[in-house]
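Structural characterization, general
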Amino acid sequence: MTLFRTLRYGRATSLAFLLAVAGCAEVSRTNFPTSAEAQSSELPDYVRVVPLTPENISRFATAPHPHQSTSQLSTARSSWQYNIGVGDVLGITVWDYPELTRAAAPQPGQAPSGSVVDASGSIFYPYIGQIRVAGRKVADVQRELTERLQEFIPDPQIEVKVAGFNARKVVITGAVTTPQSLPITNIPMTLLEAVNAAGGLTESADGRKVSIRRSGTRSFVNLESFLESGEVSNNPVLRDGDIVNIPAAAPAMAFILGKITTPGIVDLGQNDVSLTEAIALKGGLDEARADASGIFVFRNQSERIDVFQLDATTPLAFVLATKFALQANDVVYIVSDPAARWNEIISQLIPTIGAIRQGQLIGSDL
């Protein structure tokens, strides 16, 4: 009997109960002020709200790429000179004197033949004996042989070339198809040529953060910048002993929450993804519940949080948002429309209101 009396006579209590439930429903929601007045009064000092407008949108059109080139490595090809090293094979031809020739055309699959530079940096040559060649240019060795053979044959015609490049190498590792050591030859090899010789970048490679370790110092090169815009400084000429590493790209994700059709994660990949594109990938706004004036992008800076606000009450705003590039770890949040929130609360409470009303009717019959 007590329950029915409460239902019959406690209409004020019932109303208070409904309002309390509605209040709880409001408090439990995540939201963010949409008006400038509310933002200035409710937000802490370390939060900066930036409305997106046609005047400032160009500042956010491209996501900044960390690890830009720090390389001071030379890109000059014209001054390239190859110095003979230990392990190289020298082909020496003396015209009209085949017995003095130390070269032969290698057969397929066979190593080139000739005079191998030994561990002391020298080669043996008939009539002359040991000749120091390591660290010297081919032209210097050819000149010395010509001068010294003149004692034994008249006007010798000599050609010296490196038949096998074994002394100097670069190592390319990381996200390339075939990591390997590559020989340095008499033709200068650039970073891009080394990457191509190793089979090219893999799908997971991050060409913006290529590192080159030389003589204990590591430099960073943005190879992607060279490929896209021809920035020559990002395609240096490699030297003996260089170690090139192409890292795999770290996952770059943005998060879309709130009144969106399909909340979740957007993979930013290697290319810029615009705010409009990200919203479209997740099915667009929840038209019944989203507040189009409250599309926010939260971005954590070193000492503050920047909040970019898009007012999409007109579809033209989504054209503007095609120029806003998301960055890794951005959080996109679409707030609820106030009227939609109230309607949703009422719809949730209708069963409770019906039960109370039914109870009141039952109580009136008692």
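Scroll up for the structure.
Quick summary incoming for the structure in this document. Keep in mind that what you see is a predicted model, and the values were worked out from it rather than measured.

It is worth spelling out the nonpolar core at this point. In this structure, Tyr125, Leu145, Ile172 and Ile246 are the most contacted members of the largest nonpolar core, which totals 44 residues. In terms of residues, this core owes the most to one element, helix α4 (residues 138–149), which gives four residues. The residues touching Ile172, leaving out its near neighbours within four places in the chain, are Pro179, Gln180, Leu182, Ala194, Val195, Ala198, Val244 and Ile246. Membership of the second largest hydrophobic core comes to 28 residues, among which are Leu275, Leu285, Ala290 and Ala312.

Moving on, we come to α4. Residues that lie three or four places apart on an α-helix share one face, since the helix turns once every 3.6 residues. If you check α4, its first and last C-alpha atoms are 17 Å apart, about what twelve residues at 1.5 Å a residue would give, namely 16 Å. Within α4 the residues assigned to the buried category are Val138, Val141, Leu145 and Leu149. Summarising the axial view, the buried residues of α4 lie within an arc of 65°, below the 170-degree limit, and thus occupy one face. Turning to α4, the residues buried within the fold contact β2 (89–94), β4 (122–125), β5 (129–132) and β6 (158–164).

Ordered by their spatial adjacency, five strands build an open sheet running β8-β7-β11-β9-β10, and the pairing between neighbours is mixed. One side of each edge strand has no neighbouring strand; the edge strands of this open sheet are β8 (180–183) and β10 (217–221). The mean inter-strand angle of the sheet, taken between neighbouring strand axes irrespective of direction, is 20°. By the bridge criterion, five bridges tie strand β9 (residues 210–214) to β10 in an arrangement that is antiparallel.

If you check the backbone angles, Asp96 has positive phi at about 75° while not being a glycine. Note on placement: Asp96 falls in the loop between β2 and β3 (115–116).

What follows covers the pairing of β8. As judged from the four bridges shared by strand β7 (residues 169–174) and β8, these two strands associate in the antiparallel manner. By the bridge assignment for β8, Ile172 is matched with Gln180.

Reading the values: rules and limits
Residues numbered from 1 in each chain as written. Predicted model: local features only at pLDDT ≥ 70, side-chain atom pairs only at ≥ 80, totals over all residues. Heavy atoms only, no water. Core = buried A, V, L, I, M, F, W, Y, C linked by side-chain atoms within 4.5 Å. Buried < 20%, exposed > 50% of the residue type's maximum accessible area, 1.4 Å probe, protein only. Helix = DSSP H or I, 4+ residues; strand = E, 2+ residues; numbered from the N terminus. Contact = heavy atoms within 4.5 Å. Expected span 1.5 Å × (residues − 1). Arc of directions from axis to C-beta. Pairing = 2+ DSSP bridges. Axes fitted to C-alpha atoms, helices over the stretch in contact; angles between N-to-C directions.

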